[in-house]
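# An overview of the molecular structure
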Amino acid sequence: MSFAEAARTVGISTRTGERWRNGRGASGRTKAYPPLNAAPVDVSSDPSRYLREADRVHIADRLLEKATIREIAAELGRSPSTISREVRRNGTILADGRWHYRPYTAQRRADARRPRPKTGKIGQNPELHDFIQSHLTLRWSPEQICHALRRRFTHRPDMHVSHETIYQALYTQGRTELRRELTQTLRTGRVRRLPRRLADRRRFRAVKNKVMISQRPPEATDRVVPGHWEGDLILGRKKHSAIATLVERSTRYLLLVHLPDGYNSAAVRDALIATMNPLPPVPKQSLTWDQDTEMAAHRGFSMATNVPVYFCDPGSPWQRGSNENTNGLLRQYFPKGTDLSRHTREHLDAVAAELNSRPRKTLGWETPAERLQNLMGSRTLTAQGAFRAVPLAPDQAVKLTS
């Protein structure tokens, strides 16, 4: 409103309105009094996290007085970015083209944006929705999908989302942007998100004549030279069956070892020998394992393969971080509480091939097969039949059942 319209609406004359607006100096018996809007805003009585109507009125008044954003923020006890964002989002363009900040209009806009739930970015874009849903079906992780979107649609910000946006579209109650059953294609297969918790402590088991990880060659720690492996077991229902996993530290290349005869020390030794012996000399430099008893026959393994075995410190699984991470990925294919003995060697090779053809963040979004091929040369992948897990393209991925 203009000043005259405002005075008529309140029911006073324009002269009285001027005195209210501008204050009044002393004259004769008339005492002086300040303008009605000169009182500062009491910030201490406003603990609200969000801007309220009184804050917006103060912002509008101070903008008319040509105050800076930082001055207004200091008066309200807010961050300058909060005030700047508020003015930018809720400003108004008048009929004559001038820009203006109207506090009550800004308040209405803020109230209109507040209701939840809202339709997210994935639900508003069918192309983005279909891309994410199809790659979740291929068991890509949300982070792999978001980086693939940025690489494929470089100049289309509408096709860029974060991995957290995908997780929220799957898990947040009230949203229907992605099919809820797609949570089963994630690594954990959980139907809801769980807080992080400490893992159960593992019992220490002595292994004789072990060489500790502190004596492992420095090049294994640097992950520059290929051929240093990490190994462990994933156990099945009631610990009656197991699969041995081998992960190359430099490339994250995976080999799965079939254990049809159990996982005592002799069975694990013989299976590892059969897996490692066909490898060319360069890709077998060392093997790092934890201190569980399945590697009690490690000296026999080292004599047969010429690969030294190093053992982690007790209760230190992070010293085999690549292997622990890969075991978590494998639980998508071999869930806990299932019988692992029913999986054939061919099935294990197919699982390894699918994981080796999946892009990895730690490799700059290369696949383990591509990284190994770049480091070792294309002939190494097929030499002597050493690497049975031949990499597959995503559209050729085998449909694997649990």
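These notes cover the structure that comes with them.

Conventions and cut-offs
Residues numbered from 1 in each chain as written. Predicted model: local features only at pLDDT ≥ 70, side-chain atom pairs only at ≥ 80, totals over all residues. Heavy atoms only, no water. 1 Å grid on protein atoms, 1.4 Å probe; cavity = no way out; pocket = protein on both sides within 12 Å on 5 of 7 lines; lining within 4 Å. Points joined across faces, edges and corners; volume = space filled by probe spheres on them. Nonpolar A, V, L, I, M, F, W, Y, C, P; charged D, E, K, R; others polar. Salt bridge = Lys/Arg side-chain N within 4 Å of Asp/Glu carboxyl O. Buried < 20%, exposed > 50% of the residue type's maximum accessible area, 1.4 Å probe, protein only. Pairing = 2+ DSSP bridges. Helix = DSSP H or I, 4+ residues; strand = E, 2+ residues; numbered from the N terminus. Contact = heavy atoms within 4.5 Å. Axes fitted to C-alpha atoms, helices over the stretch in contact; angles between N-to-C directions. Core = buried A, V, L, I, M, F, W, Y, C linked by side-chain atoms within 4.5 Å.

The subject of this paragraph is empty space enclosed by the protein. All told, the structure shown has two cavities of 30 Å³ or more when counted by the stated rule. Residue lining of the second largest cavity: Arg252, Leu254, Thr326, Leu329, Leu355, Asn356, Arg358, Arg360 and Pro368, and that is the complete set. In the lining of the second largest cavity, the residues fall into four nonpolar, two polar and three charged.

Counting across every chain of the model gives 15 salt bridges. As a salt-bridge pair, Arg269 and Asp270 come within 3.1 Å of each other at their nearest N and O atoms. We classify Arg269 as partly exposed; its relative accessible area is 28%. Between Arg320 and Glu324 there is a salt bridge whose closest N-O contact spans 3.0 Å. Here Arg320 falls in the buried class, since its relative accessible area comes to 1%. Here the salt bridges do not stand alone but share partners, grouping Arg62, Glu65 and Glu75 into one network.

Taken together, the six strands give an open sheet; going across it, the order is β3-β8-β7-β4-β5-β6, and neighbouring strands pair in mixed fashion. Taken across any chain shown, the strands that pair with only one partner, and hence form the sheet edges, are β3 (211–212) and β6 (254–257). As paired elements, strand β7 (residues 286–289) and strand β8 (residues 309–311) share three bridges and run parallel to each other. Residue pairing for β8: Leu287 is matched across the bridge by Val309. The sheet strands contacting helix α14 (residues 321–330) are β4 (228–235), β5 (242–248) and β6, and the helix crosses β4 at an angle near 40°.

Moving on to the pairing of β6. Residues of β6 alternate between two faces, with Leu254 and Leu256 on one and Leu255 and Val257 on the opposite face, all of them buried. Pairing analysis gives four bridges linking β5 to β6, with the strands arranged antiparallel. The partner of Val247 across the bridge, within β6, is Leu254. Linking β5 to β6, which pair antiparallel, is a turn of five residues; within it Arg252 sits at a positive phi near 65°.

Among the seven residues that make up β5, seven are buried, leaving the element largely enclosed by the rest of the structure. Here β5 shows no split at all, with Ala242, Ala244, Leu246 and Glu248 on one side and Ile243, Thr245 and Val247 on the other all buried. Two elements, β4 and β5, share seven bridges in a ladder whose sense is antiparallel. Following the sheet pairing, Trp229 is matched in β5 by Glu248. The loop that links β4 with its antiparallel partner β5 comprises six residues; one of these, Lys238, has a positive phi angle of about 55°.

This paragraph deals with the nonpolar core. Considering soluble globular proteins, one finds that nonpolar side chains tend to be buried as a cluster. In this structure, Leu246, Leu259, Leu272, Leu287, Trp289, Met295 and Phe301 are the most contacted members of the largest nonpolar core, which totals 26 residues. Elements supplying a minimum of two residues to this core: β4, β5, β6, α12 (265–276), β7, β8 and α16 (368–376). Leaving out residues up to four positions away in the same chain, Met295 has contacts with Val207, Val268, Leu272, Leu287, Trp289, Val309 and Phe311.

Moving on, we come to the layout of surface pockets. Each pocket or cavity is described by its volume, and for the second largest pocket that value is around 1100 Å³. Contributing to the lining of the second largest pocket are 25 residues, with Met1, Phe3, Ala6, Asp61 and Leu64 lying nearest its centre. Elements represented by at least two residues in the lining of the second largest pocket include exactly α1 (3–10), α2 (14–22), α3 (53–64) and α6 (103–113). Considering every element that reaches the lining of the second largest pocket, the biggest residue donor is α1, with five residues. Of the residues contributing to the lining of the second largest pocket, the split by class is 14 nonpolar, six polar and five charged.

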